[in-house]
Amino acid sequence: MTHAEHIPGSPPASLDKARQLAAALLSERGEASGALIARQLQQTMRALDADGRHGFQRYLASAFQPDAAALQDAAKRYLADGTAAAAAALADAADPPRQEVLRRMNMAPGGTASLIAMRSEIAGRLGPEPELKLLDADLKHLFVSWFNRGFLELRRIDWQSPAAVLEKLIAYEAVHEIKGWDDLRRRLAPDRRCFVFFHPALPGEPLIFVEVALVQGLATAVPPLLVQDADQDSAGLRAAHADTAIFYSISNCQDGLRGVSFGNFLIKQVVEELQAEFPQLKRFSTLSPIPGFRRWLSQQPQSGGKDVAMLRELDREGWWHDAATCETWRPVLMKLCAQYLTRSPASGNRIDPVARFHLGNGARLERINWLGNTADRAMAESFGIMVNYLYDHDSIERNHEAFARVGEIVRSPQVDALL
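Position labels on residues start from 1 in each chain and follow its written sequence. Confidence filtering applies because this is a predicted model: local features only for residues at pLDDT of at least 70, side-chain atom pairs given and counted only at 80 or more, and all residues used for totals across whole chains, interfaces and linings. As a rule here, side-chain values come from all non-hydrogen atoms in the structure, and water together with hydrogens is ignored.

- With an unreviewed UniProt entry as reference, the protein is termed Malonyl-CoA decarboxylase, source organism Bradyrhizobium brasilense.

Right, dumping it as structure tokens:
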């Protein structure tokens, strides 16, 4: 696309102005004037329609490439002497000017939110327009730095938190839908906790949140955790006698920050917060979905008529209400699920995304639970099976190293028995 072309439906002047301001932003050396241009570019971008934003994103992706001659010279110098200075010069030459444009765009008020929205918007176009992957990669690179743990603020959310934040929890809950204010109030009761990470550049905007249930023993199913019990005194007593904290929902709130890891920091800090408030807690575990199980099973070579019959019968609506069907297929599915969750990534297997997250953080595969969640999504993804990942303080680092280095899936004897 040349600079003279215009995208149908977009005010050509606004798109051209956005391009000109982006180029001017890179050439401007003064901080004050650069901030002024960044604000003007922000205002101009707000005036663009969807086609105009698309055109500007393509412009950012295609323009501002590294200087080819300088990069080639730096590469030759590094190959010639291999010194640290030559390596630094090569890295500097390879750094695309586009990243500096994005850094300067961030100087405008609301710049960070605007860039996050941009990355969210281009996510759906990365397949048909691979050239946008350059822009996506640069945005992710910057976000990893801007959203590191040192900038994140952990807050506990309760019923007294601002209504605007509570509304966003309802909207962003991605694992177990919050069905209105009464449901949210239950999830913020005395035997529940909700913790959220915020960032100073996005005041009032949750980045990721975790919902915790304080219970006795490992929770094996979701419905009891979501029962709307309005008795606050009873909830307080349950919290006082709880010996286990169950992390039953972790929701990322900003699609534009996908791939920027917050969850591992969140879980570790929440464990510390809970231990300080409830010293009697002995176990910290998740009750997690298995989003890739059914897809994986459907892709396995079928060994005979029994496999075909099982998959056909388990496509039937409400099969889990039939005791005979459950008795027939429970041992089969539980064994297959254990096989799925214990496959080592060292063998080139594609690991379940939730499993990869928790195992990579040092959790142990503790227990696999039959029909732990019979909501539509859970049945479609994993036949309702759920899993507990246990975070044991004394073995977290050892488990993490085993998974990261050799792909070992640390698991309990109960899971081994299923195999």
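**Quick look at the sheet that holds strand S3 (residues 208-215)**
- For two strands to be treated as a pair, DSSP must find no fewer than two bridges joining them. Going along the chain from the N terminus, every DSSP run of H or I of four or more residues is numbered as a helix, and every run of E of two or more is numbered as a strand. Ordered by their spatial adjacency, seven strands build an open sheet running S1-S2-S3-S4-S5-S7-S6, and the pairing between neighbours is mixed. Of all the strands in the sheet, just strand S1 (153-156) and strand S6 (364-369) have a single pairing partner and so form its edges. Taking each pair of neighbouring strands and ignoring which way they run, the sheet shows an average axis angle of 25 degrees.
- Throughout, a residue-residue contact means that at least one pair of heavy atoms, one from each residue, lies within 4.5 Å. Where helices are involved, their axes are fitted lines through C-alpha atoms of the stretch in contact, as for all axes, and angles between N-to-C directions lie from 0 to 180°. Along the sheet face, helix H13 (residues 263-277) touches S1, strand S2 (192-198), S3, strand S4 (244-252), strand S5 (283-286) and strand S7 (386-391) and points at about 135 degrees away from the line of S2.
- Contacting S6 and S7, helix H16 (residues 323-341) crosses the sheet at an angle of about 160 degrees to S6.

**Some points on the layout of surface pockets**
- Cavity: a set of points on a 1 Å grid over the protein atoms alone where a 1.4 Å probe fits but cannot get out. Pocket: an open set with protein on both sides within 12 Å along at least five of seven lines, its lining residues, like those of a cavity, having an atom within 4 Å of a point. Grid points are joined across faces, edges and corners, and a volume is the space filled by probe spheres set on the points. Size it by volume and the largest pocket reaches roughly 1200 Å³.
- Those elements that place two or more of their residues in the lining of the largest pocket are helix H10 (181-187), helix H11 (223-226), S4, helix H17 (353-360) and helix H18 (376-382).
- Sort the elements by how many residues they give to the lining of the largest pocket and S4 lands first, with six residues.
- Residue polarity is assigned by list, with Asp, Glu, Lys and Arg as charged and Ala, Val, Leu, Ile, Met, Phe, Trp, Tyr, Cys and Pro as nonpolar; anything else, Gly included, falls into the polar class. Tallied by class, residues from the lining of the largest pocket come to 22 nonpolar, 13 polar and nine charged.
- Where each domain begins and ends follows an automated or database-derived domain assignment. When we break the lining of the largest pocket down by domain, the ones giving at least three residues each are domain 2 (150-284) and domain 3 (292-417).
- Here the second largest pocket defines a volume of roughly 310 Å³.
- If you go around the second largest pocket, you meet 15 residues; those closest to its centre are Val271, Gln275, Asp392, His393 and Ile396.
- Looking at the lining of the second largest pocket, the elements that each hand over two or more residues are H13, S5, S7 and helix H19 (396-406).
- If one sorts the elements of the lining of the second largest pocket by residue count, H13 sits on top with five residues.
- For the lining of the second largest pocket, the residue count by class is seven nonpolar, two polar and six charged.
- Two domains each provide a minimum of three residues to the lining of the second largest pocket, namely domain 2 (150-284) and domain 3 (292-417).

**Focus: the nonpolar core**
- Membership of the largest hydrophobic core comes to 94 residues, with the highest contact counts inside it found for Phe56, Met105, Phe147, Leu274, Phe293, Leu333 and Leu341.
- Looking at this core element by element, the count peaks at nine residues for H16.
- Excluding anything up to four places from it in sequence, Phe147 contacts Thr112, Ile116, Leu152, His199, Leu202, Leu207, Leu257, Val260 and Phe262.
- Note on terminology: a nonpolar core comprises buried Ala, Val, Leu, Ile, Met, Phe, Trp, Tyr and Cys residues joined through side-chain atoms within 4.5 Å. Using a 1.4 Å probe on the protein chains alone, a residue whose accessible area is under 20% of its type maximum counts as buried, one over 50% counts as exposed, and one in between counts as partly exposed. Residues Leu166, Leu169, Leu184 and Leu188 belong to the second largest nonpolar core, which totals twelve residues.

**Concerning the UniProt feature "domain: Malonyl-CoA decarboxylase N-terminal" (unreviewed entry) in the protein**
- UniProt positions are given in the numbering used here, feature names are shortened, and annotations may be inferred rather than shown by experiment. Mapped onto the present numbering, the UniProt feature "domain: Malonyl-CoA decarboxylase N-terminal" (unreviewed entry) falls on residues 64-147.
- Between the C-alpha atoms that bound residues 64-147 the distance is 24 Å, and the span itself is 73% helix and 0% strand.

**A short note on the side chain of Asn399**
- Within the secondary structure, Asn399 sits in helix H19.
- In this structure Asn399 comes out as buried when scored by relative accessible area, which is 6%.
- Once you skip the residues sitting within four places of it in the chain, Asn399 turns out to touch Leu359, Gly362, Ala363, Arg364 and Val410.

**Notes on the pattern of salt bridges**
- We define a salt bridge as a contact between a side-chain nitrogen of Lys or Arg and a carboxyl oxygen of Asp or Glu at a distance within 4 Å. Applying the stated criterion across every chain, the model contains 24 salt bridges.
- The shortest N-O distance in the salt bridge between Arg187 and Asp183 comes to 3.3 Å. One end of the pair is Arg187 and the other is Asp183, both in helix H10 and four residues apart, which spans about a single turn. You'll find Arg187 and Asp183 in the same group, each marked buried.
- Between Arg364 and Glu366 there is a salt bridge, with its nearest N and O atoms 2.6 Å apart.
- Of the residues examined, Glu366 reaches a relative accessible area of 14% and is grouped as buried.
- Several salt bridges converge on common partners, so that one network encompasses Glu173, Asp183, Arg187 and Glu211.

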